[in-house]
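Reading the structure
In case you want the letters, here they are:
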Amino acid sequence: MKIAFIGLGNMGAPMARNLAAAGHEVTGFDTAAAPPEGVAMAASAAEAAAGAEVVITMLPNGEILRAVAGDVIPAMADGAVLLDCSTVDVASARAVAEMAEARGHGSLDAPVSGGIGGADAGTLTFMVGGSDAALAAAAPLLDIMGARTVHCGPAGNGQAAKICNNMILGATMVATCEAFALADKLGLDRQAMFDVVSTSSGQSWSMNTYCPAPGVGPTSPADNGYAPGFAADLMLKDLRLSQEAAEAVGAPTPMGQAATAEYEAFVEAEDGRGRDFSAMLPRFSGKARG
Ligand code: NAD
């Protein structure tokens, strides 16, 4: 297939490289990044998109996505599909889908989980919003870049699924870390804490798979000095998107709100920027009850 790939950063570069390695003709564009292996670079997003059957975007936020969509949609071939894999607000995802569909193009929002490791290995999970026809056209590419695709419904529903999942993840990570810090102060050994909670009703992905305590449970960023992994800054981005969406539809999210406030303080007022999101544990260990 002829593919355009706009946004070749930490995630986009390995995804584009995997598509090229599978034999697709990939033309890329990025305002800053170097060309990944096997990818020819265009001088603009519109130039990359001209003649492509699928235009993939992997960009930092909704504002940039809207601007890039405004450039590429008029340049796209009739009936081509715009496949956005960025994590953006639900409103931007729906606005871009409307723009694309008004010009007769297919459109999918397909945010991912799996991080840079998953992008590199081609094992991402895609959460997809959009039509069956657009998904059928993009499916062979999703199969190369990822291991699992879940069709979540119409436009915007991929982003909705992503922020709901990450709101749960943020809240359970805060809960897991504060419980470890409490256990420390109560004189409960971290290994005993893990052995009980990981097999009891307090278990979660944060405890069982990504344990924030070093030397306990499976290997995780805690065992690597809390180098990310999944950076606290990116968790804050996703939590803010969840709160923006909750406000837009009037949904009460007290735990999501509390987790957002914790990550906001950690990243913006303390030393959380650039650290893994599980570094909430040493943060709580170093604090007294307020
Ligand atoms: P990144 O900052 O490394 O890459 C974004 C790229 O977009 C950069 O290379 C930048 O130069 C480029 N860019 C910015 N404006 C542009 C424009 N107008 N035209 C063309 N290129 C432009 O970010 P990333 O880590 O690759 O993340 C991309 C998206 O994936 C984000 O929405 C992020 O939330 C999401 N995501 C990231 C991870 C992760 O672990 N990094 C995991 C899941 C989802």
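The present account deals with the structure reproduced in this document. (Residues numbered from 1 in each chain as written. Predicted model: local features only at pLDDT ≥ 70, side-chain atom pairs only at ≥ 80, totals over all residues. Heavy atoms only, no water.)

**Structural notes on the pattern of salt bridges**
Rules: Whenever a carboxyl oxygen of Asp or Glu lies within 4 Å of a side-chain nitrogen of Lys or Arg, that contact is scored as a salt bridge. Exposure categories follow from relative accessible area, calculated using a 1.4 Å probe and restricted to protein chains: below 20% of the type maximum is buried, above 50% is exposed, and the middle band is partly exposed. Counting from the N terminus, the helices are the DSSP runs of H or I reaching at least four residues and the strands are the DSSP runs of E reaching at least two.
Under the criterion given, the structure shown has nine salt bridges. Salt-bridge contacts for Arg190 lead to Asp184; the nearest nitrogen and oxygen are separated by 2.7 Å. Of the residues examined, Arg190 reaches a relative accessible area of 23% and is grouped as partly exposed. The closest approach of N and O atoms between Arg240 and Glu268, which form a salt bridge, is 3.1 Å. Here Arg240 is found in helix 10 (residues 232-249), whereas its partner Glu268 is found in helix 11 (residues 254-269), with 28 residues between them in sequence. It is possible to trace a salt-bridge network through shared partners that takes in Glu262, Glu270, Arg283 and Lys287.

**Observations regarding the nonpolar core**
Heads up, the rule is: To define a nonpolar core, start from buried Ala, Val, Leu, Ile, Met, Phe, Trp, Tyr and Cys residues and group those joined through side-chain atoms within 4.5 Å. In this description, contact between two residues means that some pair of their heavy atoms is separated by no more than 4.5 Å.
Tyr263 and Phe277 are the most contacted members of the largest nonpolar core, which totals 33 residues. Of all the elements, helix 7 (residues 157-185) adds the most residues to this core, at nine residues. Beyond its immediate chain neighbours, meaning those up to four positions away, Tyr263 contacts Gly170, Met173, Val174, Ala232, Met235, Leu236, Leu239, Glu268, Phe277 and Met280. In terms of nonpolar packing, the next biggest core, distinct from the first, is built from 29 residues, Val54, Leu83, Val112 and Val128 among them.

**Focus: the site of the ligand**
Rules: What makes a residue near a molecule or strand is one non-hydrogen atom of that residue sitting within 4 Å of it. Here a polar contact is taken to be a pair of N or O atoms separated by no more than 3.5 Å, where protein atoms must pair a possible hydrogen donor with a possible acceptor and residues adjacent in sequence count only if both atoms sit in side chains. The accessible surface values rely on the Shrake-Rupley method and a 1.4 Å probe; as for residues, cover is taken only from the protein chains in view.
If you check the shell around the ligand, you find 24 residues, and the closest are Asn10, Met11, Asp30, Leu59 and Lys237. The side chain of Asp30 places a nitrogen or oxygen atom 2.6 Å from an oxygen atom of the ligand. The backbone of Thr31 places a nitrogen or oxygen atom 3.5 Å from a nitrogen atom of the ligand. In the complex, 82% of the free accessible area of the ligand, which totals 830 Å², lies under the protein chains.

**Observations regarding the environment of Asp89**
Among the structural elements, Asp89 can be located in the loop between strand 5 (81-84) and helix 4 (90-102). Judged by its relative accessible area of 14%, Asp89 falls in the buried class. Taking the C-alpha atoms as reference, Asp89 lies 7.8 Å from Glu244; in sequence the two are 155 residues apart. Ignoring any residue separated from it by four or fewer positions in sequence, one finds Asp89 in contact with Gly62, Arg66, Leu241 and Glu244.

**Some details on the packing of helix 3 (residues 62-72) against helix 4**
Rule in force here: Axis definition: a line fitted to C-alpha atoms, over the contacting stretch in the case of helices. Angles run 0 to 180 degrees between N-to-C directions. Orientation labels follow simple angle bins: below 35 degrees gives roughly parallel, above 145 gives roughly antiparallel, 65 to 115 gives roughly perpendicular, and whatever is left gives oblique. Residues were grouped as follows: Ala, Val, Leu, Ile, Met, Phe, Trp, Tyr, Cys and Pro as nonpolar; Asp, Glu, Lys and Arg as charged; and all remaining residues, including Gly, as polar.
In contact at an axis separation of 9 Å, helix 3 and helix 4 are set at 5° when each is read in the N-to-C sense. Considering their axes alone, helix 3 and helix 4 lie roughly parallel with respect to each other. Facing Gly62, Leu65, Arg66, Ala69 and Gly70 of helix 3, the residues of helix 4 in contact are Ala91, Ser92, Ala95, Val96 and Met99. Here the residues of the contact of helix 3 with helix 4 are counted per class, giving six nonpolar, three polar and one charged.

**Details of the side chain of Ser86**
On the secondary structure map, Ser86 appears in the loop between strand 5 and helix 4. Judged by relative accessible area, Ser86 falls into the buried class, the value being 1%. From its side chain, Ser86 meets the backbone nitrogen of Leu59 in a polar contact 2.8 Å long. If near-sequence neighbours (up to four positions away) are discounted, Ser86 is found in contact with Thr57, Met58, Leu59, Pro111 and Gln159.

**Re the pairing of strand 8 (residues 124-130)**
Here is the rule we go by: The pairing criterion is simple: DSSP has to find at least two bridges between the two strands. Seen with the strands pointing away from the viewer, any crossover whose path from the first strand over the helix to the second strand runs clockwise is right-handed.
Across the seven residues that make up strand 8, a large majority, six, are buried. Looking at chain direction, strand 6 (residues 106-109) and strand 8 are connected through two bridges and run antiparallel. Bridge pairing links Leu108 to Gly130 in strand 8. For strand 8 and strand 9 (residues 146-153), the ladder comprises six bridges, and the chain directions are parallel. Across the sheet, the residue bridging to Leu124 is Gly146, located in strand 9. Following the backbone out of strand 8, through helix 6 (residues 132-145) and into the adjacent parallel strand 9, one traces a crossover that is right-handed.

**Observations concerning the packing of aromatic side chains**
The geometry of an aromatic ring pair is captured by the separation of the ring centres together with the interplanar angle, meaning the angle of the planes. Here is the rule we go by: What counts as a ring pair is set by centres within 6.5 Å for rings of Phe, Tyr and Trp (its six-membered ring), and what kind of pair is set by the plane angle: stacked under 30 degrees, edge-to-face over 60, tilted for all other angles.
Per the stated rule, a full pass over the model turns up four aromatic pairs. On the numbers, 4.9 Å between centres and 25° between planes, the contact of Trp205 with Tyr210 is stacked. Judged by relative accessible area, which is 44%, Trp205 ranks as partly exposed. Of the residues examined, Tyr210 reaches a relative accessible area of 11% and is grouped as buried. With a centroid separation of 5.3 Å and 45° between ring planes, the pair formed by Tyr210 and Phe277 is classed as tilted. One end of the pair, Tyr210, is in the loop between helix 9 (205-208) and helix 10; the other, Phe277, is in the loop between helix 11 and helix 12 (280-285), and 67 residues separate them in sequence.

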